[in-house]
Amino acid sequence: MDGEWWTTLSPDEFAQLHKYIEYSTKKVKDVLGEFDGKGRLAKYSTEQNIDFEGFRTLMKIYLDLEDIPSQFCQHLFWSFQTRPSEKDAPSTKPDDASGQGVVCVKDVVCYLSFLEGGQPEDKLKFTFKLYDTDANGLLDSSEVDRIIAQMMHVAKYLDWDVTELNPILKDMMNEIDYDKNGTVSLDEWIKGGMTTAPLLVLLGLEASLKDDGQHIWRLKHFSRPVFCNMCQSILLGIRKQGLCCTFCKYIVHERCASKAPSSCIRTYSKSIKETNVMKHMWVDGNCNITCGSCQKTIKSFQRLTGVHCAWCHDTLHNECMPPDTEECDCGQFKDHVLPPSAIYPVVLDRQNSLKKKDDDTSSLDGEMPITTVDGKILQIIPVPDTHPLLVFVNPKSGGKQGERVLRKFQYLLNPRQVFNLAKDGPKPGLKFFQDVPNIRVLVCGGDGTVGWILDSTDKMHFPVKPPVAILPLGTGNDLARCLRWGGGYDGEKLTKILKDIEVAIPTLLDRWSFEVIESSEEKGDPVPHNIINNYFSIGVDASIAHRFHVMREKYPEKFNSRMKNKLWYFEFATSETVSATCKNLQEILEIECSGTLIDLSNLSLEGIAILNIPSMHGGSNLWGENKRGETKHLPNKTNAAITDPEALKSCVQDLSDRLLEVVGLEGVIEMGQIYAGLKNAGRRLAQCSEVTIRTKRLLPMQIDGEPWVQPPCTIKIAHKNQLPMLMGPFSKSSGSKK
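Please read these numbers as outputs of a predicted model, since none were measured by experiment.

## Re the sheet that holds strand 27 (residues 706-710)
Read across the open sheet, the 6 strands follow the order 24-23-22-19-26-27; overall the sheet is antiparallel. Looking at strand neighbours, the two that pair on one side only are strand 24 (683-688) and strand 27, the edges of this open sheet. In this sheet, neighbouring strand axes are inclined to one another by 20° on average, regardless of whether the strands run parallel or antiparallel. As paired elements, strand 22 (residues 607-611) and strand 23 (residues 660-665) share 5 bridges and run antiparallel to each other. Bridge pairing links L611 to E661 in strand 23. Each of strand 19 (535-539), strand 22, strand 23, strand 26 (699-703) and strand 27 is contacted by helix 18 (residues 540-554), which is oriented at about 95° to strand 19, the strand it contacts most.

Written as structure tokens, this is what we have:
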């Protein structure tokens, strides 16, 4: 290809591409289908090149966008107009990419497939079949070189120092043709790729727990002198790039990874006979902290010095190490950790296990149990008087925060306690811990993730429902604020989070069933949930949320910080002032609270909110705080609605009182002030145990931050149940406006 107009994406543009891919529901395979029949790319062929017009259409389909920024698309198009191995010296580029050359469809598709989530072996198979045009199961050397070129292309954008990667891949190419016949078969290609550790890190991006002893590598740049655990020489270069094992912190050069021993941690015992004394698992070197024994600094600027235990995380001088016979008790987090001795394969009682599987099938949808590589089912028998922690992490929450939190917990705890929700959801973890007594659950994500886990837990047959703590990622996090876990994770040490969970106080959270009965044939959006955990609203509040949702789906890169989100909400609230889509809401709906019809005739409303918790949209309390000296109203044992304005002044909110609060919103300016933090209360209308709402026309609505547009209907809200949660310690601010 002619490289006359070749350029590279800027770091911001590459980050924007990643963000688009993260929010898109499309996969590369979906795009390939558009080249067939009456598809939008049918006039092109995957075997040929594609012009800028076709490339733009391809990217709009793949990124699931109605439109794509022109300059971004031009730069991405130009970046495929030469091989990455050529000199990065672009000539003068025209202002318009249209009509300026073509790019290879296969190169584009190969490149995008490497950026997608998935397993390395699947990516290797996909790229092989992509370039195997005659479907004979063989690639020649030039085709393999093209795949490697796209791998290097991706590596550069992922901030890799490719000086080590390039010779490693060349060596792999020299060795991959095992039968020396000048071509590479699919088996040879996969075998070579799956045994080259740096390539697996590049392809993987989703390291998975295999059998014990196997390191889980990730690329890391170090800010201090670091030594390779294999060859014991220093990592060179300005960024000191190397591969680090997520589970045990074993560090190697990329070139040394293939020689590293399978010396990573054991996550389970081979049999119940081995579940006795647990020994320390010492890893040498790179310990620039204080020795846990003599309290002197461990200096490791010239060689590998010091040791750390991958289980109790004690760090010591070599000379301060205890005898080999000393037992490891998993250190300060022993109440949370499942040591290897607590997990072992099931051998006996097959009939009971089969019966149990049949009983659970309805609630688990036939979910497969956690097994070893050789297919043995694992079970948990925890250490007595401990509270094993089951951790769920949504890696997509909070930008890259979720990915970092996932890795850190895999190191601090047993990796078999930590589950990546982006892979298989919560069911495997819940089933694995289903019969384990005294467990706690930690959910790392936003309100939507917490609701997902609560719903899944509710459907499981736990002997006792486990209490749930929250590590809030991303924005919003209203439930986390109410439970004193804060408004968002700001990089606080996870060791402190674990300590906070140990002293957290159990409490109950009301959950409410939500039923919609359609009363017209008018088309609307699907209702997102049938359970309310936090709140439900109709009108101006939901209209703003719906506009926010639609805009974020279209331009995700504009919604990447809490401050930007606040500003967008304020802008949508301002524009709603002009359109006034929900003006005089009291004329088009009626509200019945516990059998009592609420009189709205003397009000001018643009929104109604039904509250279960005292936080909404990132810390706004629409019910408001009671004045000093006012006491809580006496318990309503008759379940009758409280609607008297004077009586409502003394009503306070509680997560577990089996009551809902109904609030009226009198204007869009008021809503804008609430979102911006200038005002935090609406008009109190009622406190009750059930709500029925009847609407007369199409209206915007939302449940727990998920908006939709609903045609005329009857809505019934009733108490469903209560689930246990964990209330954070008082020392941790709830961050109501954080």
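## Some remarks on helix 18
The end-to-end C-alpha separation of helix 18 is 21 Å, in line with the 21 Å expected for 15 residues at 1.5 Å each. For helix 18, the full list of buried residues reads V540, D541, A542, S543, I544, A545 and F548.

## Details of the sheet that holds strand 5 (residues 217-221)
Whenever strands of a sheet pair, they do so through backbone hydrogen bonds, lying parallel or antiparallel. Taken in spatial order, the 3 strands of this open sheet run 5-6-7, and their pairing is antiparallel. Every other strand in the sheet has two partners, leaving strand 5 and strand 7 (251-252) as the edge strands with one partner each. Direction of pairing for strand 6 (residues 241-245) relative to strand 7: antiparallel, over a ladder of 2 bridges. Paired with L243 across the bridge in strand 7 is V252.

## Brief notes about the pairing of strand 25 (residues 690-695)
Pairing of strand 20 (residues 589-593) with strand 25 involves 5 bridges; the strand directions are antiparallel. Within strand 25, the residue paired with L589 across the bridge is T695.

## Description of helix 12 (residues 401-412)
The terminal C-alpha atoms of helix 12 lie 16 Å apart, and with 12 residues this matches the ideal 16 Å at 1.5 Å per residue to within 8%. Regarding helix 12, the residues found buried are Q401, G402, V405, L406, F409, Q410, Y411 and L412. If you follow the buried residues of helix 12, they end up packed against strand 9 (307-309), strand 13 (389-393), strand 14 (418-420), strand 15 (440-445), strand 16 (468-472) and helix 17 (494-502).

## Re the packing of helix 12 against helix 17
Following both chains from N to C, one finds helix 12 and helix 17 inclined at 65°, their axes separated by 11 Å at the closest point. By the angle between their directions, the pair helix 12 and helix 17 is classed as roughly perpendicular. Seen along the crossing, helix 12 lies across helix 17 with a hand that is right-handed. Of the residues in helix 17, those touching helix 12 at V405, K408, F409 and L412 are L494, T495 and L498. A class-by-class count of the residues in the contact of helix 12 with helix 17 yields 5 nonpolar, 1 polar and 1 charged.

## Some words on the side chain of R416
Considering the arrangement of structural elements, one finds R416 in the loop between helix 12 and strand 14. Of the residues examined, R416 reaches a relative accessible area of 8% and is grouped as buried. Here the side chain of R416 touches T267 through a polar contact of 2.7 Å, side chain to side chain.

## Notes on the packing of aromatic side chains
As enumerated under the stated definition, the model contains 11 aromatic pairs in all. Seen from their ring centres, F514 and F536 are 4.9 Å apart, and the 55° between their planes marks the pair as tilted. Of this pair, F514 sits in strand 17 (residues 505-518) while F536 is found in strand 19, placing the two residues 22 residues apart along the sequence. Of the two residues examined, F514 and F536, each falls in the buried class. Grouped by ring-pair contacts, the aromatic residues F52, F55, F77, F80 and Y111 constitute a single cluster. Here K249 stacks its cationic end above the ring of Y411, 4.8 Å away from the centre of that ring. Sitting over the ring of F730, R484 keeps its end group 3.7 Å from the ring centre.

## Quick look at the environment of L130
Position of L130 among the secondary structure elements: in helix 6 (residues 120-131). When the C-alpha positions of L130 and K106 are compared, they lie 6.8 Å apart, and in sequence the two are 24 residues distant. In this view, L130 contacts K106, V109 and C110; residues no more than four positions away in its chain are not counted.

## Points about the packing of helix 5 (residues 105-115) against helix 6
Contact geometry of helix 5 with helix 6 gives a least axis separation of 10 Å together with a crossing angle of 175°. The angle between helix 5 and helix 6 falls in the class roughly antiparallel. Across the interface between the two elements, K106, D107, V109, C110, S113 and F114 from helix 5 touch K123, F126, T127, L130 and Y131 from helix 6. A per-class count over the contact of helix 5 with helix 6 returns 6 nonpolar, 2 polar and 3 charged.

## Considering the pattern of salt bridges
Per the stated rule, a full pass over the model turns up 17 salt bridges. The partner of E590 in a salt bridge is R694, and the shortest N-O contact between them spans 3.0 Å. With E590 in strand 20 and R694 in strand 25, this pair connects stretches of sequence that are 104 residues apart. The partner of E592 in a salt bridge is R694, and the shortest N-O contact between them spans 3.4 Å. Of this pair, E592 sits in strand 20 while R694 sits in strand 25, placing them 102 residues apart in sequence. With relative accessibility at 30%, the residue R694 sits in the partly exposed group.

## Focus: the side chain of E661
Inspection of the secondary structure puts E661 in strand 23. One polar contact links E661 to Q687, side chain to side chain, over a distance of 2.7 Å. Contact partners of E661, with chain neighbours within four places excluded, come to A609, I610, L611, W623, V652, Q653, A686 and Q687.

Definitions and limits used
- Residues numbered from 1 in each chain as written.
- Predicted model: local features only at pLDDT ≥ 70, side-chain atom pairs only at ≥ 80, totals over all residues.
- Heavy atoms only, no water.
- Pairing = 2+ DSSP bridges.
- Helix = DSSP H or I, 4+ residues; strand = E, 2+ residues; numbered from the N terminus.
- Axes fitted to C-alpha atoms, helices over the stretch in contact; angles between N-to-C directions.
- Contact = heavy atoms within 4.5 Å.
- Expected span 1.5 Å × (residues − 1).
- Buried < 20%, exposed > 50% of the residue type's maximum accessible area, 1.4 Å probe, protein only.
- Parallel < 35°, antiparallel > 145°, perpendicular 65-115°, else oblique.
- Left-handed = near helix turned anticlockwise from the far one by under 90°.
- Nonpolar A, V, L, I, M, F, W, Y, C, P; charged D, E, K, R; others polar.
- Polar contact = N/O pair within 3.5 Å; in protein donor to acceptor, adjacent residues only side chain to side chain.
- Phe/Tyr/Trp six-rings, centres within 6.5 Å; stacked < 30°, edge-to-face > 60°.
- Lys NZ or Arg CZ within 6 Å of the ring centre and 35° of its normal.
- Salt bridge = Lys/Arg side-chain N within 4 Å of Asp/Glu carboxyl O.

Don't take any of this as a statement about function, it's just geometry.
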